[in-house]
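Single-letter residue listing:
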Amino acid sequence: MRRLPWKPLALTGPALLVYLVVLAGPVFLMLLLSLQGGKGVAGVTLAHYAEILGDGYFWEIYARTFVMALVVTAVCLLIGVPEAYFLYRMRAPWRGYFLLAVLAPLLVAVVVRTLGWALVLGPTGPISNTLVALGIVQQPVSLLQTMSGVVIALVHVLVPFLVIAVWSSLQRFDPDTLRAAASLGGTDVAIFRRVVIPQVIPGALAGAVVVFSLSATAFATPAIVGGRRLKVVATSTYEEFLGNMNWQLGSALAVLLLVVNILVVVGASRLVEKKFAHVFES
Amino acid sequence: MKNGPLALWFHALFIGFLALPLVMVMLVSLTAKSYLSLPNDGMSLRWYAAMLDNPQFIAALKTSLLLGLSAACAAQLLAIPAAYALARMQFRGRQAIGAFLMSPLLIPHLVLGVAFLQFFSQAGMRGGLLSLVLAHTVVVAPYAVRLMMSAYTGMDPSLERAARSLGASAWTAFTRVTLPLAIPGVVSGWLMAFIHSFDETTMTVFLASPSMTTLPVRIYLHIEETVDPLVAAVSSTLIILAVVLMVILDKWFGLDRLLTGGGPKDEQ
């Protein structure tokens, strides 16, 4: 049968058309707007980028955003990798039940989960009450508007992504390898460190890239837990758009975030492919 | 392969960590008092009654449902033919088109929100339902495309060839053989698209208007103003719905496969 090129084009055509108009169009428009001067000023200018890069206030916001994303990613790796492994070692039906329990929060809207953390971390929440009851602090304490509070809430929102990523790389893992390692006298810790970890590194890093990218661009959680005092790029972009009505500056903020985000994600993926090519081949 | 006591403790703490904020929301929503507190002396459903009497939340729920339904249907209308071409045909540019159709997954929703706000403002559509449907369609379409592709690749292509060789037209073979076999993919792709649309907040917060607000955005705006038992009641209703949905999805499709994009379970 001769394959005519118009057939696949006709099938993908509607999707391509919608994407071109509703996705490529708006993103292109945003790039244009970030290069525009003030109202009624013609021509292309990098003034908004210069304003951001020349202002310590914005440097601080970018630095806070990426440090926060790095810490969130590190914590997710630290607790997500062992949890995925322990799930993997469980027997049916527990394994299935707990995998569900780990994935279930993904079906609950992020604002709802963040509201939960606002209640837990707030001055009337259980953490504050326990500390007061134990006499460790005199006054109620609040982790709201602190970096630790935002990190805790973001880890909760994003750690399921990491567990899934590690879980799916463990699915390709032969359990006999573990038995062999154990029969050769490996301790649990040695087996985890020398057999399991090398096997799950690609999955863990793929999950880490997702977690990093999502936490660097998260909006609702930093807005609710971090509040106005702890601004990140997403919340200040929101403010420039809907508070200060400075759309050109807001666009430039978003474009810079997009660029840095793409660089990090592509860079990390390249690194993973290069360094761990042997794991993918097997 | 048994987990030692340390591993089990870690696991218990992990699950407790995941459950803690959700349990907290549900507890606070049951308070009988008029301010934020745990239901120490007496539980009450008064905040659930207040929620049903709140026109803002009810309107936002209706918007979210209508938006999710429209965006999921639109996404499937685009995905069913497009994924067929990507999964079954060899042609130049196939990889590029596939990557383009998946690209909304790679663009942060914050950036999409900014871009859509400007685009729909210029088009004079800002704050309308149509702008929300278009934006959500593009954002959820990759999930539909991914699950449809795995549905098409997961079935035996010789069934369709057999129908063709017995004289069925390409259209008949597709609608009578291939599509019915792909129904699990159609349903799961639609559901994933609906769930992502229903939960989307970051992008929608830029596009919503006072008269056209989705439920998560309404909850966010409410929390920005005040955290009260009312918003806890709305949130715990969503948690309960999510648990019900989770049980159903897991029974039908296997939640892990849905969320990792592997497509529905093979029927065996």
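Residues numbered from 1 in each chain as written. Chains lettered and ligands numbered in written order. Predicted model: local features only at pLDDT ≥ 70, side-chain atom pairs only at ≥ 80, totals over all residues.

A few words on the confidence of the model for chain A. When pLDDT is averaged along chain A, the result is 86; 94% of the residues meet or exceed 70. The weakest mean pLDDT in chain A belongs to helix α13 (residues 277-281) of chain A at 58; the strongest belongs to helix α5 (residues 110-121) of chain A at 94. (pLDDT = per-residue confidence, 0-100. Helix = DSSP H or I, 4+ residues; strand = E, 2+ residues; numbered from the N terminus.)

All names here are of chain B. By the element assignment, V145 lies in helix α6 (residues 129-153). Note on V145: 26 C-beta atoms within 10 Å, which makes it buried. Each C-alpha atom of the pair V145 and L78 lies 8.2 Å from the other, and the pair is 67 residues apart in sequence. Filtering out sequence-adjacent residues up to four positions away, V145 remains in contact with A79, A82, A83, L101 and M102. (Buried ≥ 20, exposed ≤ 12 C-beta atoms within 10 Å, placed from the backbone. Contact = placed C-beta atoms within 7 Å.)

Moving on: the nonpolar core. Residues and elements named next belong to chain B. Counting 163 residues, the largest nonpolar core has A83, A144 and M148 as the members making the most contacts within it. Counting contributing residues, this core receives three or more from each of domain 1 (1-44) and domain 2 (52-259). Apart from residues no more than four positions distant in its own chain, M148 is found in contact with A79, I80, A83, A182, G185 and G189. (Core = buried A, V, L, I, M, F, W, Y, C linked by C-beta atoms within 7 Å. Domains from an automatic or database assignment.)

Another aspect to go through is unusual backbone geometry. All names here are of chain A. At Q145, a residue that is not glycine, the phi angle is positive and equals roughly 60 degrees. Residue placement: Q145 occurs in the loop between α6 (126-133) and α7 (147-171). Overall, Q145 belongs to the partly exposed group, with 14 C-beta atoms counted inside 10 Å.

Time to look at the packing of helix α9 (residues 188-216) of chain A against helix α12 (residues 247-275) of chain A. Residue and element names in this part refer to chain A. Interhelical geometry of α9 versus α12 gives an angle of 175 degrees and a closest axis separation of 10 Å. The pairing of α9 with α12 is recorded here as roughly antiparallel in orientation. Two secondary-structure elements touch here, α9 through P202, L205, A206, V209, F212, S213 and A216 and α12 through N261, V264, V265, A268, S269 and V272. (Axes fitted to C-alpha atoms, helices over the stretch in contact; angles between N-to-C directions. Parallel < 35°, antiparallel > 145°, perpendicular 65-115°, else oblique.)

Before going further, it helps to spend a moment on the environment of L45 of chain B. Along the chain, the position of L45 of chain B falls in the loop between α1 (5-29) and α2 (46-52). Taking C-alpha positions, L45 of chain B is 41 Å from I107 of chain B, a pair spaced 62 residues apart along the chain.

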